[in-house]
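Results of the structural survey
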Amino acid sequence: MKNLLVDKKSGENILVKIKDVIIGGPEKVIISGPCAVESLDVMTEIASALKEAGIDILRGGAFKPRTSPYDFQGLQEEGLKILREAADIAGLPVVTEVVDIRDLEEVLKYADMLQVGSRNMYNYSLLKEVGKLKVPVILKRGMSATLKEWLYAAEYIMNEGNFQVVLCERGIRTFENYTRNTLDLNSVAVIKQKYRIPVIVDPSHGTGIREIVPQMCLAAIAAGADGLIVESHVRPDNAISDAAQTIKIETLVELQKKVKLLQSLNL
Ligand code: PEP
Ligand code: MN
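Residues numbered from 1 in each chain as written. Chains lettered and ligands numbered in written order. Predicted model: local features only at pLDDT ≥ 70, side-chain atom pairs only at ≥ 80, totals over all residues. Heavy atoms only, no water.

A word on the packing of aromatic side chains. For the coordinates displayed, the defined rule picks out one aromatic pair. Taken together, a centroid distance of 4.3 Å and an interplanar angle of 20° make the contact between Tyr 124 and Tyr 156 stacked. Here the residue Tyr 124 occupies a position in helix H4 (residues 124-131), and Tyr 156 occupies one in helix H5 (residues 147-158), the gap between them amounting to 32 residues. (Phe/Tyr/Trp six-rings, centres within 6.5 Å; stacked < 30°, edge-to-face > 60°. Helix = DSSP H or I, 4+ residues; strand = E, 2+ residues; numbered from the N terminus.)

Written out as structure tokens, the structure reads:
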């Protein structure tokens, strides 16, 4: 079976629009923010710093799909309200994850863009529900999904009428365990060459190591990614969730300059 809806032969490249931001066009889009929404004060501080840095979209998880049930599960509805308030104060659009089909309505009240996480890439009923909406969505690659399975997951959403889908490579599980995941940039090169759906890269979950996040961001852009999603925090060591892979906003500012430089090379 062919991936009919996403194949370049089936139409123009898809552009995904989130307020004034376009993913899949000439500009590389940077999405950033903490792994989890922690409090209004911290979220507002981060959002304002990111706006100042020129970041395009704010991220933050209110519903956290944690591997361990004993880890922080997110502030849930309270987190959504905080995220929206911080984003509005800063003047940024916001993306957040929907983990459960039963939370969809609530999440939609606050989010400009939805994220379907790695653990839910195979949740076809959630994908179909998201497909019935008109809201843009980031579809992360399942941690053990092949490229084909991931494309089919995107088509589960698109088949219902929602073509506002952005793929996100976030690394896959391999025998390598020095890094949290193995960031598969092959997928990015293939998608850009053969498919018409935008793809962004998440080197935070892709590596799990903050020291190598900037280099892998640049590698992703060199591979052709339409943008990046990066976990950042004003005080990364204090981040409640995923501190080890969270970078400082200052690091993001430096990185952004290099992304622009790389983009100007038109690789
Ligand atoms: C996230 O981006 O917050 C997240 C949980 O990522 P993933 O679904 O890729 O593990
Ligand atoms: Mn995280």
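Inspection of the secondary structure puts Ser 32 in strand S3 (residues 29-33). When the C-alpha positions of Ser 32 and Ile 22 are compared, they lie 16 Å apart, and in sequence the two are ten residues distant. Setting aside chain neighbours within four positions, we find Ser 32 in contact with Leu 50, Ile 55, Ile 57, Leu 58, Arg 59, Val 230, Glu 231, Ser 232 and Leu 252. (Contact = heavy atoms within 4.5 Å.)

Right, let's talk about the site of ligand 1 for a bit. Contacts to ligand 1 come from Arg 59, Lys 64, Glu 97, Gln 115, Gly 117, Ser 118, Arg 119, Lys 140, Arg 170 and His 205. One of the backbone nitrogen or oxygen atoms of Ser 118 is found 2.8 Å away from an oxygen atom of ligand 1. Measuring from an oxygen atom of ligand 1, one finds a side-chain N or O atom of Arg 170 at 2.7 Å. Coverage of ligand 1 by the protein amounts to 97% of the 300 Å² it exposes when considered alone. (Near = heavy atom within 4 Å. Polar contact = N/O pair within 3.5 Å; in protein donor to acceptor, adjacent residues only side chain to side chain. Areas by Shrake-Rupley, 256 points an atom, 1.4 Å probe, with all protein chains shown as cover.)

Our focus in this paragraph is the pattern of salt bridges. Evaluation of the coordinates by the stated rule reveals 16 salt bridges. With a shortest N-O distance of 2.7 Å, Glu 169 and Arg 141 are connected by a salt bridge. Placement of the pair is Glu 169 in strand S8 (residues 165-169) and Arg 141 in the loop between strand S7 (137-140) and H5, with a sequence separation of 28 residues. Where Lys 192 meets Asp 226, a salt bridge forms, and the shortest distance between an N and an O atom there is 2.9 Å. (Salt bridge = Lys/Arg side-chain N within 4 Å of Asp/Glu carboxyl O.)

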